[in-house]
Amino acid sequence: MLHWTRREGTEGAPIAPDERLPWPQTMAMGVQHVVAMFGATVLAPRLMGFDANIAILMSGLGTLLFFVVTRGKVPSYLGSSFAFIAVVLAATGYAGSGPNPSLAVALGGIVACGVLYSAIGLVVMSAGTRWIERLMPPVVTGTVVAVIGLNLAAIPVKNMAPTAFDAWMQGLTFLVLALVAVWTRGMVQRLLILFGLFLATIAYAVLTNGLGLGTPVSLEAVAAAPWFGMPDFTAPVFSGPAILLIAPVALVLVAENLGHLKAVAAMTGRDMDPHMGRAFLGDGLATIMAGSTGGTGVTTYAENIGVMAATRVYSTAIFVVAALVAVVLGFSPKFGALIQAIPLAVMGGVSIVVFGLITVAGAKIWVDNRVDFSRPENLMTAAIPLVLGTGEFTLRFGDFALGGIGTATFGAILLHALLRGRADRATHHGGRAMP
C-alpha cells in the first residue's frame, strides 16, 4: 500500500495512482493540494460555527483513514462537505456569528450520517456496484460533478471580491494561472496552483502595500499566532430531530463520491468501480471520526480533483503528504494564519479556476462515456439539474431544507429513473411511447 513506482518528471506525461514523482516534487505537489482544499475546508466550518482548526485536522486524519480503507488505490482528498451546511443550520438554528451553541447536536447528526454512509459502502462491497451504477449512470454522475463546480462558483464570484479592485485581482489571478498552465513546462506547470498563487500574491502586495490601491497584505496574525495549539474538541449529542435532518445527506455524498470516482477514472484511465464500496466506507468512517470530535462531515474533494486534472499527477502518495501537512496545520495556528494571510481576492481567483476544472471534469464524464444527448431522456436528466444546482433551487419540508446540490442530485437520479422507464417502454413498443 505504501509502495509507488518512481517516475521522473517526464514532460506532460500523466503520473498514475500507483506511481510517484521524486519525493521532493511529491511533497511540493502535496502542499499544493493543501492549498487547493484549504479555503473550502475552512469556509464550511465557519459558515456552520464549527472550529476551523478541527476541520483541517479531521480532513487530514480522514484522508489517511480513506487511504488505508481503499488500500491506496483511490487518489482523493477528504475535506469539509458543503452538503451539510443547510441541514446543520436548520437543526441548530445557528445565526451565523461566533461558535455554534448547538454544535454537539449537529455532531450527533453528522455521526449518524456517517453510519448510514458506511452501511451503503458495506452493501456495495457485498452486492457489487451494478445496482448503484444503474441508479447513477454517467449522465447522472457527470451532471452531479458539473453541478458541484457550478454551485460552488458563487462563492468566489459573489463572496470573495468585495470591491472593484478585488474583482480585478481575481481576474489577474485566474489569468496568471491560465498562462502558467499553458506556457510553462515540467514542475512549474505541475505546480501551477502554487506558482500562480505566489505570483498573484506578489502582484497584489505590490499594488496594495506598495501603491495603496487596496487592502494591504498583513502578516501580523501570522506573527502573533502560536506555533502549536490544541484544538477545542467537542463530543456529539444524539437528538432524534437533528438525526432525521442530517443523516439523509449520506445519499448526496454517495452521488457526489460516485461522480468524483467516475471523474478520476476518466482522468486516469483506471477502473475505479472495484474500489467504489471501499471509497464509500472510507468516506463514511472519516465522517464518523470527524463528527465524534467536533469536525464537519467530509467528502472526497472536487477541488483536489480539479488540481489533478490540471497537473495530470494522480499519485496517491501526494495525498498522504497532503494529509500529513493538514494534521500539522490542525495543531499549528501559525501555519493556518499564514494560509489565511493570502488575499481573499487571490484565493477567489484560484477558486474560479479550480471550480471551473471541476465543472469540465463532469462534462468529460459525458464525453468519455459517449452520453447521447440526442436522446431526450438524457438531455432532460442533465439540463434541469444543472439549473437547479447553479441557481441554488431549494425545497423545504418543514424544518428540513434541501439545497441546490441536493435538489440537483436527487433530481438527476429521479429524472433518469422516470424518463428512462418511459424511453424503455417506447423502445419495447417499436419506438412509440405508451400513452
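In case you missed it, the structure is sitting above this.
All values reported here derive from a predicted model rather than from experimental measurement. (Residues numbered from 1 in each chain as written. Predicted model: local features only at pLDDT ≥ 70, side-chain atom pairs only at ≥ 80, totals over all residues. Heavy atoms only, no water.)

A. Spotlight on the overall build of the protein chain. Within the protein chain, the regular secondary structure consists of 20 helices and 6 strands. Against the compact-globule benchmark of 22 Å for 435 residues, the protein chain has a radius of gyration of 21 Å, which places it among compact chains. Projecting the C-alpha coordinates of the protein chain onto the three principal axes gives extents of approximately 75 × 50 × 45 Å. Counting every position in the protein chain, which comprises 435 residues, the buried fraction comes to 54%. Pairs at least 24 residues apart make up 79% of the contacts formed inside the protein chain by residues separated by at least 6 positions. Of the roughly 18,100 Å² of accessible surface on the protein chain, a fraction of 68% belongs to carbon and sulfur atoms. The protein chain carries 24 positive and 20 negative side-chain charges, and their two centres are separated by 8 Å. (Helix = DSSP H or I, 4+ residues; strand = E, 2+ residues; numbered from the N terminus. Rg over C-alpha atoms; globule rule 2.2 N^0.38 Å. Buried < 20%, exposed > 50% of the residue type's maximum accessible area, 1.4 Å probe, protein only. Contact = heavy atoms within 4.5 Å. Areas by Shrake-Rupley, 256 points an atom, 1.4 Å probe, with all protein chains shown as cover. Lys, Arg positive; Asp, Glu negative; His and termini not counted. Charge placed at Lys NZ, Arg CZ, Asp CG, Glu CD.)

B. How the structure looks around a nonpolar patch on the surface. On the surface, Leu-172, Phe-174, Leu-175, Leu-179, Val-182 and Trp-183 cluster together into a nonpolar patch covering about 600 Å² of accessible area. In this fold, Phe-174 is placed in helix H8 (residues 164-183). For Phe-174, a relative accessible area of 35% translates into the label partly exposed. (Patch = residues over 30% accessible without salt bridge, like charges linked within 9 Å, V, L, I, M, F, W, Y side chains within 5 Å. Salt bridge = Lys/Arg side-chain N within 4 Å of Asp/Glu carboxyl O.)

C. Inspection of the pattern of salt bridges at higher detail. Per the stated rule, a full pass over the model turns up 4 salt bridges. Notably, a salt bridge pairs Arg-270 with Asp-18, separated by 3.1 Å at the nearest N-O pair. Taken together, the residues Arg-270 in the loop between helix H13 (249-268) and helix H14 (276-291) and Asp-18 in the loop between strand S1 (5-6) and strand S2 (19-20) connect sequence positions 252 residues apart. In this structure Arg-270 comes out as partly exposed when scored by relative accessible area, which is 34%. Since its relative accessible area comes to 36%, Asp-18 is described here as partly exposed. Put simply, Arg-375 and Glu-377 hold a salt bridge, and the shortest N to O gap is 2.5 Å. The class for Arg-375 is partly exposed, based on a relative accessible area of 38%. On the basis of relative accessibility, which here comes to 11%, the residue Glu-377 falls in the buried class.

D. Structural view of the packing of helix H4 (residues 103-127) against H14. One can describe the packing of H4 onto H14 by two numbers: an axis separation of 7 Å at closest approach and a directional angle of 165 degrees. Judged by the inter-axis angle, H4 sits roughly antiparallel to H14. As for how H4 packs across H14, the hand of that crossing is left-handed. Contacts between H4 and H14 involve Leu-107, Ile-110, Val-111, Gly-114, Val-115, Tyr-117, Ser-118, Ile-120, Gly-121, Leu-122, Val-124 and Met-125 on the former and, on the latter, Met-276, Gly-277, Arg-278, Phe-280, Leu-281, Asp-283, Gly-284, Leu-285, Thr-287, Ile-288 and Gly-291. Along the lines of polarity and charge, the residues of the contact of H4 with H14 split into 14 nonpolar, 7 polar and 2 charged. (Axes fitted to C-alpha atoms, helices over the stretch in contact; angles between N-to-C directions. Parallel < 35°, antiparallel > 145°, perpendicular 65-115°, else oblique. Left-handed = near helix turned anticlockwise from the far one by under 90°. Nonpolar A, V, L, I, M, F, W, Y, C, P; charged D, E, K, R; others polar.)

E. Summary view of the nonpolar core. Counting residues in hydrophobic clusters, the biggest one holds 103 residues, and the most contacted among them are Phe-50, Phe-82, Phe-84, Ile-246 and Phe-280. The biggest single contributor to this core is helix H18 (residues 344-368), with 11 residues. When residues no more than four places from it in sequence are discounted, the contact partners of Phe-84 are Met-48, Ile-110, Cys-113, Ile-246, Val-249, Leu-253, Thr-287, Gly-297 and Val-298. (Core = buried A, V, L, I, M, F, W, Y, C linked by side-chain atoms within 4.5 Å.)

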